[in-house]
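Below are the chains, spelled out letter by letter.
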Amino acid sequence: MIWFNVKQAYDYLMKNKYVVTLRPKLKREGIHQLFTSLFGKPYFRGTMVYVQPLAYVYDDHLLYYLVEHSGFNTVEEWRKHAENSKYLYYVTIINEGTHIKLKQQIKEGEKKIET
């Protein structure tokens, strides 16, 4: 699961079907349920996303190239909401058909690795 409780990032994701986001903890790459408390319960509304780690951010230099994909106007505004988060991710919305297909491809890939 991945939470989006900052309106700017959530709105950007919903409008563009992807967002670049900073997180305080390392997340596994793959399919996640998108949760938000922006609208009250239920927190999960059926949206599935694919989360892909991009980088560990040592300094904010990289963020200046990506801020336009974050939902924020400036790196300073982005940092204000992300605080000390260092893990950068690309998150994209996937539809149900894509979700099922990706899970199937992952299972097939795992079977190939095992044999």
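Source: prediction; values computed, not measured.

Basis of the calculations
- Residues numbered from 1 in each chain as written.
- Predicted model: local features only at pLDDT ≥ 70, side-chain atom pairs only at ≥ 80, totals over all residues.
- Heavy atoms only, no water.
- Helix = DSSP H or I, 4+ residues; strand = E, 2+ residues; numbered from the N terminus.
- Buried < 20%, exposed > 50% of the residue type's maximum accessible area, 1.4 Å probe, protein only.
- Contact = heavy atoms within 4.5 Å.
- Arc of directions from axis to C-beta.

Visitor: Before we move on, could you go through the overall build of the chain and cite the residues and values that matter?
Guide: A count of helices and strands for the chain gives four helices and five strands. Reading the chain from its N end, one meets helices and strands in the order β-α-β-β-β-α-α-β-α. By residue count, 34% of the 115 residues in the chain fall in the buried class. Intrachain contacts of the chain at a sequence separation of at least 6 include 68% that bridge at least 24 residues.

Visitor: I'd like a description of the side chain of Ser 70, backed by residues and values.
Guide: Examined against the element boundaries, Ser 70 turns out to sit in the loop between α2 (63-66) and α3 (75-82). When near neighbours in sequence (up to four residues on either side) are disregarded, Ser 70 contacts Gln 8, Ala 9, Tyr 12, Val 19, Val 20 and Trp 78.

Visitor: A description of the environment of Leu 38 should follow, citing residues and the corresponding values.
Guide: Position of Leu 38 among the secondary structure elements: in the loop between β3 (30-35) and β4 (44-56). By relative accessible area, Leu 38 is classed as partly exposed at 31%. If we ignore the near neighbours within four places in the chain, the residues touching Leu 38 are Phe 4, Asn 5, Val 6, Lys 7 and Tyr 10.

Visitor: Outline helix α1 (residues 7-16), listing residues and values.
Guide: Inspection of α1 places Ala 9, Tyr 10, Tyr 12 and Leu 13 among the buried residues, and these make up the whole buried set. Along α1, the residues classed as buried sweep out an arc of 165 degrees about the axis, all on the same side. A positive phi of about 70 degrees marks Lys 17, the residue just after α1.

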